[in-house]
Amino acid sequence: MNKDIYIKEDNNKFDVLIVGSGITGGFAAKEFCERGFNTLMIERGRVVEHRVDYPGEGKPVWDYDNRMKVDNLLAEQQHKIQKDCYAFHDGTKHFFGNDRDLPYQTAEGTDFRWIRANQLGGKSLLWHRQSYRMCPDDFLANKRDGHGNDWPIRYNDLTKWYSYVEKFVGISGNADGLANLPDSEFLPPFEMLKPEQDIKAAVEKAFPDRHLIMGRTAHLTKPTTLHMQLGRVQCQARNECQKGCSFGAYFSTQSATLPAAARTNNLSIAANSVVHSLIYDEKTNRVKGVRVIDNEDLSTREYFADVVFLCASTVGSTQILLNSKSKKFPNGLANSSGVLGHYLMDHNYNARASGDLEGYEDEFFKGRRPTGCYMPNFQSRPETYAKGYKRGYAYGMSAYRSDWRGMAGQDGIGADFKDKLTKPGKWGAGFYAQGEMLPEFDNHMSLHPTKKDKWGIPQIVFNAKYGANENAMMDDAAEQGVKMLEAAGCTNVQGSTSYQYPNRAPGIAIHEVGTARMGRDAKTSVLNGYCQAHDIPNLFVPDGSSFSSSGTVNPSLTFMALTVRAVDYYAKERKAGRI
Amino acid sequence: MTQNTISNDNRRAFLQRLGGVLGAATVASLTAGTHLNVAFAYSPQTDSASKAGKVFSLTQMKILASVADTILPRTNTPGAFDLDCHGFVDHQLATCFSKEATKPYLSAVNLFDESFTTLAPDARQKALMDLEAGKGFDENQQNDFRALKSLIVFGYFTSEYGASKALRYDAVPGGFKSIPYKPGDKGWGNFAYY
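These numbers come from a predicted model, not from an experiment.

(A) Region of interest: the overall build of chain B. A tally of helices and strands in chain B yields eight helices and one strand. Walking chain B from its N terminus toward its C terminus, one meets helices and strands in the order α-α-α-α-α-α-α-α-β. Out of the 194 residues in chain B, the part that is buried amounts to 43%. A separation of at least 24 residues holds for 60% of the contacts in chain B among residues at least 6 apart in sequence. Accessible surface computed for chain B: about 9,200 Å², of which carbon and sulfur atoms make up 54%.

(B) Structural view of the pattern of salt bridges. With the rule as written, the count across this model stands at 49 salt bridges over all chains. Between Arg35 of chain A and Asp568 of chain A there is a salt bridge, with its nearest N and O atoms 3.2 Å apart. Linking Arg35 of chain A in the loop between helix H1 (23-34) and strand E2 (39-42) with Asp568 of chain A in helix H12 (residues 556-575), this pair joins segments that are 533 residues apart in sequence. Relative accessible area serves as the criterion here: at 33%, Arg35 of chain A is assigned to the partly exposed category. Among the residues examined, Asp568 of chain A registers a relative accessible area of 12% and is labelled buried. When the shortest N-O distance is used, the salt bridge between Asp185 of chain B and Lys182 of chain B registers 3.9 Å. With a relative accessible area of 53%, Lys182 of chain B lands in the exposed category. Salt bridges sharing common partners tie together Lys30, Glu31, Glu34, Arg35, Asp568 and Lys572 of chain A.

(C) The environment of Gln319 of chain A, seen in detail. All names here are of chain A. Relative to the elements of secondary structure, Gln319 occurs in helix H8 (residues 314-322). Among the residues examined, Gln319 registers a relative accessible area of 10% and is labelled buried. It is 13 Å that separates the C-alpha atoms of Gln319 and Gly544, two residues lying 225 residues apart in sequence. Apart from the residues lying within four places of it in its own chain, the contact partners of Gln319 are Trp114, Met445, Leu447, Ile457, Pro458 and Ile460.

(D) Structural context of the packing of helix H3 (residues 58-71) of chain B against helix H7 (residues 139-157) of chain B. Residue and element names in this part refer to chain B. Running from amino to carboxyl end, H3 crosses H7 at an angle of 75°, the nearest separation of the two axes being 10 Å. Considered as vectors, H3 and H7 are oriented roughly perpendicular to each other. Between H3, through Leu64, Val67, Ala68 and Ile71, and H7, the contact on the second element is made entirely by Phe145, Leu148, Lys149 and Ile152. Classifying every residue of the contact of H3 with H7 by side-chain character gives seven nonpolar, no polar and one charged.

(E) Highlighting the interface of chain A and chain B. At the interface, 66 residues of chain A touch 79 residues of chain B. With both chains or domains summed, chain A and chain B bury close to 6,400 Å², and 59% of this area falls on carbon and sulfur atoms. Our count for the chain A to chain B interface comes out at one salt bridge. Between Asp170 of chain B and Lys366 of chain A there is a salt bridge, and its shortest N-O distance comes to 2.7 Å. Linking chain A to chain B there are 33 residue pairs in polar contact (both at pLDDT 80 or more).

(F) Region of the structure containing the sheet that holds strand E18 (residues 491-497) of chain A. Residue and element names in this part refer to chain A. In spatial order, the strands read E6-E13-E14-E15-E11-E18; together these six strands make up an open sheet with antiparallel pairing. The open sheet is flanked by strand E6 (213-214) and E18, the only strands paired with a single partner. One ladder, built from five bridges, connects strand E11 (residues 351-357) with E18; its direction is antiparallel. Looking at the pairing, Asp356 lines up with Thr491 of E18. This element, helix H5 (residues 194-206), spans E11, strand E13 (373-375), strand E14 (393-401) and strand E15 (427-435) of the sheet and lies at about 140° to E14.

(G) Main features of the packing of aromatic side chains. One pass over the full model with this rule turns up 45 aromatic pairs over all chains. When the centroid spacing of 5.0 Å and the interplanar angle of 85° are considered together, the rings of Phe32 of chain A and Phe309 of chain A count as edge-to-face. With Phe32 of chain A in helix H1 and Phe309 of chain A in strand E10 (residues 300-310), the pair connects residues that are 277 residues apart, well separated along the chain. Of the two residues, Phe32 of chain A and Phe309 of chain A, both sit in the buried class. With a centroid separation of 5.1 Å and 85° between ring planes, the pair formed by Tyr393 of chain A and Tyr395 of chain A is classed as edge-to-face. Neither Tyr393 of chain A nor Tyr395 of chain A differs from the other in exposure class; each is buried. An aromatic cluster of at least three residues, connected via ring pairs, comprises Trp404 of chain A together with Tyr42, Phe88, Phe154, Tyr156, Phe157, Phe191 and Tyr194 of chain B. When the ring centre of Tyr343 of chain A is taken as origin, the NZ or CZ atom of Arg517 of chain A, which lies over that ring, is 3.8 Å away. In this arrangement the basic side chain of Arg168 of chain B is found over the ring face of Trp188 of chain B, its NZ or CZ atom lying 4.3 Å from the centre.

(H) A look at the sheet that holds strand E17 (residues 458-463) of chain A. Residue and element names in this part refer to chain A. Spatially, three strands are ordered E3-E17-E16 in an open sheet, and the strand pairing comes out mixed. Strands with a single pairing partner mark the edges of an open sheet, and in this sheet they are strand E3 (105-106) and strand E16 (444-452). With five bridges joining them, E16 and E17 adopt antiparallel strand pairing. Bridge pairing in E17 places Leu447 opposite Ile460. H8 contacts E16 and E17 of the sheet and is inclined by roughly 55° relative to E16.

(I) Looking closely at the confidence of the model for chain B. Residue and element names in this part refer to chain B. Mean pLDDT for chain B: 87, with 79% of residues reaching 70 or above. This stretch, residues 24-39, has a pLDDT under 50; its non-local contacts, to residues over four places away or in other chains, come to 22 contacts. For this predicted complex, the interface confidence score (ipTM) comes to 0.94, while the overall pTM stands at 0.94.

Scoring rules and cut-offs
Residues numbered from 1 in each chain as written. Chains lettered and ligands numbered in written order. Predicted model: local features only at pLDDT ≥ 70, side-chain atom pairs only at ≥ 80, totals over all residues. Heavy atoms only, no water. Helix = DSSP H or I, 4+ residues; strand = E, 2+ residues; numbered from the N terminus. Buried < 20%, exposed > 50% of the residue type's maximum accessible area, 1.4 Å probe, protein only. Contact = heavy atoms within 4.5 Å. Areas by Shrake-Rupley, 256 points an atom, 1.4 Å probe, with all protein chains shown as cover. Salt bridge = Lys/Arg side-chain N within 4 Å of Asp/Glu carboxyl O. Axes fitted to C-alpha atoms, helices over the stretch in contact; angles between N-to-C directions. Parallel < 35°, antiparallel > 145°, perpendicular 65-115°, else oblique. Nonpolar A, V, L, I, M, F, W, Y, C, P; charged D, E, K, R; others polar. Buried area = accessible area lost by both parts, 1.4 Å probe. Polar contact = N/O pair within 3.5 Å; in protein donor to acceptor, adjacent residues only side chain to side chain. Pairing = 2+ DSSP bridges. Phe/Tyr/Trp six-rings, centres within 6.5 Å; stacked < 30°, edge-to-face > 60°. Lys NZ or Arg CZ within 6 Å of the ring centre and 35° of its normal. pLDDT = per-residue confidence, 0-100.

Okay, here's the thing in structure tokens:
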């Protein structure tokens, strides 16, 4: 990246401040820059240059100090929370937050796993890339069953923005024509393996309301001109994405939105800039800018603009708002409703089922597929809810052929055992649930009255847990998973839940949403349907905090669609002189 | 050749392959900013069984080496001893495990005394098979041994030989597809997660 793009002190007023550089911040920057706005992206962490700063990439396992495992002392002292994330290892640890420097609290009797990625690109470098549209039922769930507030938007409000985003991102998938999972604009899907095809056929026959499809993922299986102009090329099926990808084959800020924004010459980036709070002008009822504390030397500075887009992640954006207090907003900026910080949700990945699959000895594969199969939520309307709980869940699913990692613990000593480990073993298959979490007022985050982090920002206190509804859902998901694998002819089928373990508490799904929810009524919601604060017209929060309900699909694609729609709305309102 | 040089060579090889797709100019920029910390890095040794380790005493290292080589003996391919799996286990326990978490591994090695190392290969194999079958050993001891065995196997198949010669190493597959499997074909040697 051109060095001139990075700034530190700057007293000039920008057109736009974007706080955060992840999935939403990157997209906001691209959209504003392409519309000609003088844009400043503010990132609390260090710069990560595409291709240059991916030290784990292309390094064989034996070249790692500890074969990709993390030094125990380092993990215990600096990554006590982050180490619970599936993607945390020696090739990715530099993209995860340092828990020693990023303390937070949890209320007694609750737990929360807050996974952090504080660097340019944020969690877009680390995400799992699964990309699904929310379905029409998702936007009606709160209205239909009375939990949470009604979404102020419907699926149709987002369709054209989903399409726009998908063409730019590049989503591989199959057009399945399902009502409960609308199709995206697709690049070719990854291949579904023969055992998976057979499980699909058996399950769909035994359970006609359920559909097993190829996972949809933000990988370039066949890049378009749009992608190649940004230096992105075809996915090589390494499935080592979280180390960083020099092929630019998966969507990240670095691979896609940042180069698109930078080529307009309208982008500046302030890295190592921790936003303490927003600067609010009571007379005009506008935000004027942000107060920043330097990540490294703790000095202070300010940036100014006509509009602020908070894209600092659900918890991050909400923390900034809660910490922006004034006479008019003593409980946090744009919080006249009092719901800011409440209705914290995450997904619930705490049920699974797996079994052995006989046969298929002559089936194998080449490459490492960076996605699995997927079964969308089949309980998206009250009349389809299961007995004993509300809402539903989706499943990730895949068939796999076991290898030495699975066979190492089996009986065997000597030459035959050694030879066996060099060959693929038996096939197996598994379903992994991904459940919705109900919006509850009591599940919330607040600022600690006295404890602060090293930047002097009050620490967050999480007070959230999976409730009886979520646990009943996981119990059922484990049971249904078992039934489907048995219907598909699997043997040794076992189901299990894991919500009882502290390290499987909310946060660990890394789909936290809902703490500045959108709604029609300013008395009960923070944002309107354009992610614009009801209280302050030049403040937008298009990240996950805007969600009224969690739905069941991976949320990033919807973050992007909401962001682009919010930018488009602001640009038009400003042109019309209404903001 | 030091471990550091091996690391850079492998990374360079990766970057050369990448060059075919992205162009040499881009790849040249990739070589900037990479650095490798070797202070605590494991690198295979040839004499791990003749000196005390970081976790194990000299006697325990001899036993561990003998156990490892019984589980994965030298055949027409190197065995666990040849690949210093015992040295690796010692390093890994010292570096990546809490003291508490090393206990099962220490207990497993302590199931044997030095006389184990003097047994004939067949007798050593039978002794470990009996252990796995629970003949004369309780369930905790079986579990401890299984943990140790798994770490030895991990050490073998994440070594350069294990991952790239004993198995098929495919750094940049180029795509994903199903292929037929013929009896005798080796499995893949690299994974997204270990």
